[in-house]
4 protein chains.
Amino acid sequence: MVIVMKHHATREEIQDVMAHIESMGFKAHPVYGEERTIIGVIGDERPVEPEVFDLLPGVERTMRVLKPYKLASRDFHPDDSIVKINGISVGGEQVVVMAGPCSVETREQMMETAAAVKAAGAHILRGGAFKPRTSPYAFQGLGLKGLELLKEARDAFNLPVVTEVMSPNDVILVAQYADVLQIGARNMQNFALLHAVGETQKPVLLKRGLMSTIEELLMAAEYILSHGNQRVMLCERGIRTFETATRNTFDINAIPALKALTHLPVIADPSHGTGKWEYVTPIARAAVAAGADGLIIEVHPDPASALSDGAQSLKPEKFASMLQEVRRVAEAVNRKI
Amino acid sequence: MVIVMKHHATREEIQDVMAHIESMGFKAHPVYGEERTIIGVIGDERPVEPEVFDLLPGVERTMRVLKPYKLASRDFHPDDSIVKINGISVGGEQVVVMAGPCSVETREQMMETAAAVKAAGAHILRGGAFKPRTSPYAFQGLGLKGLELLKEARDAFNLPVVTEVMSPNDVILVAQYADVLQIGARNMQNFALLHAVGETQKPVLLKRGLMSTIEELLMAAEYILSHGNQRVMLCERGIRTFETATRNTFDINAIPALKALTHLPVIADPSHGTGKWEYVTPIARAAVAAGADGLIIEVHPDPASALSDGAQSLKPEKFASMLQEVRRVAEAVNRKI
Amino acid sequence: MVIVMKHHATREEIQDVMAHIESMGFKAHPVYGEERTIIGVIGDERPVEPEVFDLLPGVERTMRVLKPYKLASRDFHPDDSIVKINGISVGGEQVVVMAGPCSVETREQMMETAAAVKAAGAHILRGGAFKPRTSPYAFQGLGLKGLELLKEARDAFNLPVVTEVMSPNDVILVAQYADVLQIGARNMQNFALLHAVGETQKPVLLKRGLMSTIEELLMAAEYILSHGNQRVMLCERGIRTFETATRNTFDINAIPALKALTHLPVIADPSHGTGKWEYVTPIARAAVAAGADGLIIEVHPDPASALSDGAQSLKPEKFASMLQEVRRVAEAVNRKI
Amino acid sequence: MVIVMKHHATREEIQDVMAHIESMGFKAHPVYGEERTIIGVIGDERPVEPEVFDLLPGVERTMRVLKPYKLASRDFHPDDSIVKINGISVGGEQVVVMAGPCSVETREQMMETAAAVKAAGAHILRGGAFKPRTSPYAFQGLGLKGLELLKEARDAFNLPVVTEVMSPNDVILVAQYADVLQIGARNMQNFALLHAVGETQKPVLLKRGLMSTIEELLMAAEYILSHGNQRVMLCERGIRTFETATRNTFDINAIPALKALTHLPVIADPSHGTGKWEYVTPIARAAVAAGADGLIIEVHPDPASALSDGAQSLKPEKFASMLQEVRRVAEAVNRKI
C-alpha cells in the first residue's frame, strides 16, 4: 500500500503513521514530496483493508499496490489454464460452445434442443433446473425433475451438461447430474455457495455479477480456487449500466482484460449480454474476435412459448447459422470451433 | 401490458398477435394510432415476461402496465406497516436507531460498544457474526462464537439484536440468537435465502443490493412476504455508480420513493452509504429529513483496529453527538428518536 | 505520482523508468517491496497524464498522489468562499433559495411566479431563456425575449436573476440581463463556454454533469477560476445511474464531500435531482440537513401546462409550504433561510 | 403515448384526463383493464414531454410509444445511408479506417504519422487541433497552427482529414481545413454546436457522450439532420460505468442496436473505448465482427512522449499489424478494408 498524507500533515503525524504501520508487522518507507509525503507499506497487504489507515490523523487516503487475488492471477501462473470436461479442453485453441434452453421445461423440449445443438456443432448442453427469478410468481424451474431430464438428454446425445446450482445445500445433488456447476450472476458473491463448490472437484462456470467489477469476479474465483477446486471458468454475461436499449451491456473489454489478468478460461454469454435474440449473433462473433475461449447460448425450439428468457433465445436453425458465422470469425483469429 | 406494433406492421400481424394474447387467457384491445398500432393486454400480467411478445412478427416492444409486486405495494395495503421488535415499533412516529460494530470481534469490544450505544440512546444492537467478505483472505467473522457474544451483550443491556444470515442452512441457528435477521446487500437476490427467512416469523432487515433497482428490492421483499413472513424492513445502503469519491452513492431519493410505493418501513444505512465516517453524520441527518423510519450505524470503540469497515465506523462519543444532531432534525420533521 | 512496477520487472526496467522520470524534470524515489517495486515521482504532477508512464517497459500502472485541481481546493484556500449576489451572501449562515420556472414562457407566467416566490421567501429568481433540449422538436426557449421578461420580473420584485447561457457567443448578451450565469449539466465540460464565463466577473452557477464525477466538477470550476473569475457556486442536480424510478439519482453524498474538498458554495437542485414534484420537498429538506448552502427549485403556476419540466415543478402554494418545512430543518442544523 | 391510471382512479379522473388530451389536439382512447385503466393518446407525441401527464389527478405514469427521432430512424429511411468523403464511401461494403494522433503536436509528428498510417492502409487521417481537456493545466492543442499542419499532411499524403470542432465560433474556420467535422463526446449535447454543424454540408463524425444513451445519440444526430446536413456518422467510443479496469466500457451492443435503429453509418473507437493500447487490437477486431462500418484509431510515433492519450495510442508498426488482423475479421463477415 501507499499512504498519502494530507497537505498540512505534521512531522509527528507522519511518525505516528509509520509507527502504526510497523506495529502491524509491515515496514514503512516514507517519500517526501513537494506538496505531500507518501509512505510505502512493505509486506503482504492482502489481508488488510487499506481504508483503515485513513482513520489515522494526517492521512488523506491509502492506495493498494498489490492485486488482492493471487491464485487467479497470471503473475503467479503465467500459462493459460486448460479446464477439461469429459475430454473437451476449455482454454486452448478450440472455442467451446455451450447451448441449450434457459429452463428445462419438458422431456420433448430437452431432447429436441439437445439433438439440434449437437447437430449444429455445440460441445456442451446447458439447461436450468433451479432458476433464480426476480419474481416469486414466475416459473422457478423443475428442480430434481429438471436434473433428470438434463441427464437423459446428456446421455442420449453424449453432451456434457452445465446447470446452475443456487444453494450450498444443493451442491452435492446437482454434482451428481451435472458435468459443470454454474454459479449465476446474482450469486457471484454468495460466499457460502462459492465455498461449497470450491470443495468439489467439478468444473465451475462462474458468471460475473451484474454489478461486479472484473476484480470482484477474480476475487470470487479466488474463493473457489482457495478452497481447493482449480477448475474454474469465468463468464462475461453483461453488466448493468444506464443504457436501456439492451437488457445488459456486454462488457467486451472484459475479455482482453481478463485474458491479461488471469490464466483462467473466459466464456462469453451474448444471450444475457444483450437480452435480444437479434443481437446474439453479432455479439457472439465479436466475443470470439476479442479472444473468448467459449460461448454459452440460449436455444429454444419455440422461443415465444419459453417459460423464461424467450426474447433472447435462438431457434435451432438460427443457432446453426450463427455457428457458421462464428466459425469463420474463429478461423480469422486462429482459433477453431 | 401494452404491445407496440412496428411502424409497418400488417393487418395480419396485428391479428396474429391478438390471437396469441387471447390464447394465453388474456383479452386483447387494439388502439390504432397514426404511426403505430398498440394492443392493450387485459388480465393479470404478473406471471408473464413481457419481452416474450417481442418475438411475434410485427411487434416492436412490450411495456408493463402493472407493478410486478403486490403484497409489498401500497396500492393493496395503503396504511404503513409497523414492525414490532420486542416492544419497539418500526415504521411509526419514532425513528429507530440500530448501532454497533460491523463485526463481532471480542467480548470486551461487544460489551463496551453495547454499553456506549445504549447510553447514547440506540434502540437495537447490530453486529456481524457471519461476514460476507470480498476476499477469502479477509476476516470471515466469529460464527457461532460471535452469536453467543451478541446474545450476551443483548441480555446485559436489554437491546434487541440484528445480525446477518448468509446461508439457508444457518437461518434456524441465527434465529435462536437474533431478534432481527439481516439479509445483506450481496444476498438481496439469493432467492433460496429469501425463501428460508420467509418461512420464519422473525423480523427481517432486507438490504438493497449495490446495483439493484427499487423495484427489484420490492420484488425481493415480495419473496419474503409471499412465503408468509410479513415483518419486513427495507434498508437503503447506497448503490454503485461511477462516482469514486465515496464508497457507494447513498440513494436519498429511494426514501421518498419507497415510502410512496410500499407500506414497509425504510431504514437508512449511512455507514455503508458513504464508506467514510466523516460523512456519516450529515447523511444520517439527511436520511431522517427525507423521511427514513430508522438508521443503522456502525460504531466501534477503536475504528483504526477494527477487523472490518473501520473507515466508516464512528467512535462512541462521535455516535453520541451524531444522535444529538439527528434528534433535532427528527423533531423538525415531526418525528422523535 | 506513484508508479507501480510489474511483479517481474527487471533492475534495468526500474532504472530506465527512473531515468525517464528525471528526464521530465521530476525526482524519482524507489521503494523496494516484497512483491513489487514502486517509484515515487516528486514534483508538480498536475500537467502530466499519469497513464503515459504505463507505456514504459515493466510498469504495471501509475497512481496520482496530488489532486488535479488547486484553486478550487480547500487545501490551498481553507476558509469558505462567500459569493455575493446583489447583497445576498451565498456560502455563509444563510441557506439561499433560488426559484422560478424551468422556462420563461410568457410575461404573465413570469410576473405571477416572481410575485409568488418572492412572497414565499425566495432570494433569487430563476428562469430559462435559452433551453438545452434533448429533442430538436421541443420548445427551445424564448431567447432574447425571454431575457427581457426575466429582467422585467427582476426589477419589479427586486430579485436577482439566474439564467443559463449555452454558447460562448451569448455570454456578453446574457450577462447584461442576468445576475448569475448558469452553466447547465450538459455543458459542464463545454470548455469554450467555461473559458468565456471565466473571463467575466459575473457569479457562475456551475451544474454538475449527469455523469460527471465530483473531481471533474471541481476541474470544471478550476477552468473558470483559472481564467480569473472567482465567483463560482457548484450545483448538485442528480447523476445518471441504473435506477429508473426517479429521473436522476440525487447524490446527497456529494454535499459533505464537496464541503470537505472545496471552499466553494454548494447549491442543491432537488427538482432535477428527482424529476418528480412529489419528491422535491423531502429531498430539499435532506439537502439542507446534509449541509447545502442553497436550493434551486422549479416553480410554475400551472405545471400541467408548462412547456418544459412540468412534472418536477411545484405550484406556488406547494413551494411556500416546502419552504416552511425546509426552514425548520435549516434551524435544526444551525442555519437560517 | 399510453397513460396508465392509478389503481383507484375514479371515473371523473379518467374523463378529465381524456378531456385534457383532447384539448391538446390528440385523440384519447381508453382501455379498461382489470386493475388499471390505460388511455392511448393518438397523434404525433414527439413535441410533448410525456411526464407532464403524470401531474393530472389519477395518473400513475405515462409511457412513450413513438421513438422521439424521425430523420435518423430506419423506420422512415430503410436503406443504409452512405456518407461520401472525397471518394471514400462510409456505410457500404468497405470498413473505413481513420487513424492518426490524438493531438497535432509538431510538423514532424504529423508527417511521420500520416506516412505510416497511409502505408498501413488507413483511408482518413485524424488529429486534434482544438483539444477538450479535463484540466485547464493540460495541453489545449495548437489551434489554427494545428489545422495548418493537418492540412499539410492531408495534401502530402492525399488523405482526407477529420478533426474536432469545439465551439460554434470555430465551425467555419475548421471547415476550411477539415474534410470531416468531429463532435467530441463531451459536446454531444452542445446543442448550439450541433445546430452550427447542421448548417454546413460537411460530413460530421458525432461521438456518443460518455453518459449518453443510444436514443440520446440518435436525438443529437436528429439535431444535425433537422438543420439540413444529412452527412452524419455515429461513433461508439465507450461509456462510463462502474468498471475501472478500463478507461471506458466499449458498448459493443450499441453496434447492432444502432444498425437496427438507424440508417446512419456506425464507426467504432477502440482507443477511447478501452483507454489501453494493449486492448485496442482485440476490440477493433470485435467491433468489425459486430458490424461496424469503420474504425478510428489513435496512432503516435512515440506514445510515451505524446502530449495526450499516449496510453491508448498505437505505434505505427503495431497499427499496421492490427490492420492485418482486422482485415481477416472483416473478410470473415463479408466486408473488406
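Further up the page is the structure itself.
The structure presented is a predicted model; accordingly, all values stated were derived computationally and were not measured. (Residues numbered from 1 in each chain as written. Chains lettered and ligands numbered in written order. Predicted model: local features only at pLDDT ≥ 70, side-chain atom pairs only at ≥ 80, totals over all residues. Heavy atoms only, no water.)

Asks: Please explain the overall build of chain A as it appears in this structure.
Replies: In terms of regular secondary structure, chain A is built from ten helices and 14 strands. Seen along its three principal axes, the alpha-carbon backbone of chain A occupies a region of about 75 × 45 × 40 Å. Counting the 337 residues in chain A, one finds 68% classified as buried. Put simply, 68% of the contacts in chain A that link residues at least 6 apart link residues at least 24 apart. Put simply, chain A shows about 10,700 Å² of open surface, and 50% of that area lies on carbon and sulfur atoms. Separation between the mean location of the 36 positive side-chain charges and that of the 41 negative ones in chain A comes to 5 Å. (Helix = DSSP H or I, 4+ residues; strand = E, 2+ residues; numbered from the N terminus. Buried < 20%, exposed > 50% of the residue type's maximum accessible area, 1.4 Å probe, protein only. Contact = heavy atoms within 4.5 Å. Areas by Shrake-Rupley, 256 points an atom, 1.4 Å probe, with all protein chains shown as cover. Lys, Arg positive; Asp, Glu negative; His and termini not counted. Charge placed at Lys NZ, Arg CZ, Asp CG, Glu CD.)

Asks: Can you walk me through the relation of the copies chain C and chain A in this structure?
Replies: Here two copies of a chain appear, and what relates them is a rotation about an axis with a shift along it. Placing chain C over chain A gives an RMSD of 0.1 Å and needs a rotation angle of 180°, together with 0.0 Å of translation along the axis. Given the turn and translation reported, the copies of this chain are related as if by a two-fold rotation axis. No C-alpha of chain C approaches the rotation axis more nearly than that of C:Phe242, which lies at 2.3 Å. Most of the interface of chain C is mirrored in chain A, where 97% of its interface residues again form contacts. (Least-squares fit on C-alpha atoms with pLDDT ≥ 70 in both.)

Asks: Help me understand the pairing of strand β3 (residues 37-42) of chain A, please; the structure alone is not making it clear to me.
Replies: Two faces make up the sheet, and in a regular strand the side chains alternate between them. Residues and elements named next belong to chain A. Most of β3 sits out of view: six of its six residues are buried. Alternating positions in β3 separate into two faces, Thr37, Ile39 and Val41 on one and Ile38, Gly40 and Ile42 on the other, with burial throughout. Bridge count for strand β1 (residues 2-5) against β3 is three bridges, and the pairing is antiparallel. Directly across from Ile3, in β3, lies its bridge partner Ile39. As paired elements, strand β2 (residues 27-32) and β3 share six bridges and run antiparallel to each other. By the bridge assignment for β3, Lys27 is matched with Ile42. (Pairing = 2+ DSSP bridges.)

Asks: Looking at this model, I keep getting lost on the nonpolar core. Mind explaining?
Replies: Side chains of nonpolar character tend, in soluble globular proteins, to be buried together. Judged by nonpolar contacts, the single largest core of 324 residues is most densely connected at A:Phe319, B:Phe319, C:Phe319 and D:Phe319. Leaving out residues up to four positions away in the same chain, A:Phe319 has contacts with A:Val97, A:Ala99, A:Val117, A:Ala120, A:Ala122, A:Ile297, A:Val299 and A:Leu314. (Core = buried A, V, L, I, M, F, W, Y, C linked by side-chain atoms within 4.5 Å.)

Asks: Explain the side chain of B:Thr62 here, please?
Replies: All names here are of chain B. Note on placement: Thr62 falls in strand β4 (residues 59-63). A relative accessible area of 14% places Thr62 in the buried class. Reaching out from Thr62, the side chain makes a polar contact with the backbone oxygen of Pro50 at a distance of 3.5 Å. Here the side chain of Thr62 touches Asp54 through a polar contact of 2.8 Å, side chain to side chain. Residues within four places of Thr62 in sequence aside, it is in contact with Met1, Val2, Ile3, Pro50, Phe53 and Asp54. (Polar contact = N/O pair within 3.5 Å; in protein donor to acceptor, adjacent residues only side chain to side chain.)

Asks: Help me understand the relation of the copies chain C and chain D in this model?
Replies: Between chain C and chain D, which share one sequence, the superposing operator has a rotation angle of 180° and an axial displacement of 0.0 Å; the RMSD is 0.1 Å. When you check the interface residues of chain C against chain D, 100% turn up at the interface there too, and the contact is symmetric in its surfaces.

Asks: Just to check I follow, could you spell out the interface of chain C and chain D for this structure?
Replies: Interface size is commonly expressed as the accessible surface area that is lost when the partners come together. Across the boundary between the two partners, chain C contributes 44 residues, which contact 44 residues of chain D. A buried area of about 4,000 Å², summed over both sides, lies between chain C and chain D, and 57% of it is on carbon and sulfur atoms. Considering only the side of chain C, the residues that lose the most area to chain D are C:Leu55, C:Tyr137 and C:Met211, jointly responsible for 17% of the buried surface there. In this structure, the connection of chain C to chain D is made through four salt bridges. Put simply, D:Glu49 and C:Arg133 hold a salt bridge, and the shortest N to O gap is 2.9 Å. Linking chain C with chain D are 19 residue pairs in polar contact (both at pLDDT 80 or more), by the criterion used here. Counting only elements with at least two residues in the side of chain C that touches chain D, the list comes to α5 (191-198) and α6 (214-226) of chain C. Sorting elements by how many residues they give to the side of chain C that touches chain D places α6(C) first, with five residues. In the side of chain C that touches chain D, the residues fall into 22 nonpolar, 14 polar and eight charged. (Buried area = accessible area lost by both parts, 1.4 Å probe. Salt bridge = Lys/Arg side-chain N within 4 Å of Asp/Glu carboxyl O. Nonpolar A, V, L, I, M, F, W, Y, C, P; charged D, E, K, R; others polar.)

Asks: Explain the sheet that holds β1(A) here, please?
Replies: One key point about sheets: their strands pair by backbone hydrogen bonds, in either a parallel or an antiparallel sense. Residues and elements named next belong to chain A. If you trace the four strands from one edge of the open sheet to the other, you get β2-β3-β1-β4, paired in antiparallel fashion. Because the sheet does not close on itself, it has two edges, and the strands there are β2 and β4 (59-63). The sheet shows a mean angle of 20° between the axes of neighbouring strands, direction not considered. (Axes fitted to C-alpha atoms, helices over the stretch in contact; angles between N-to-C directions.)

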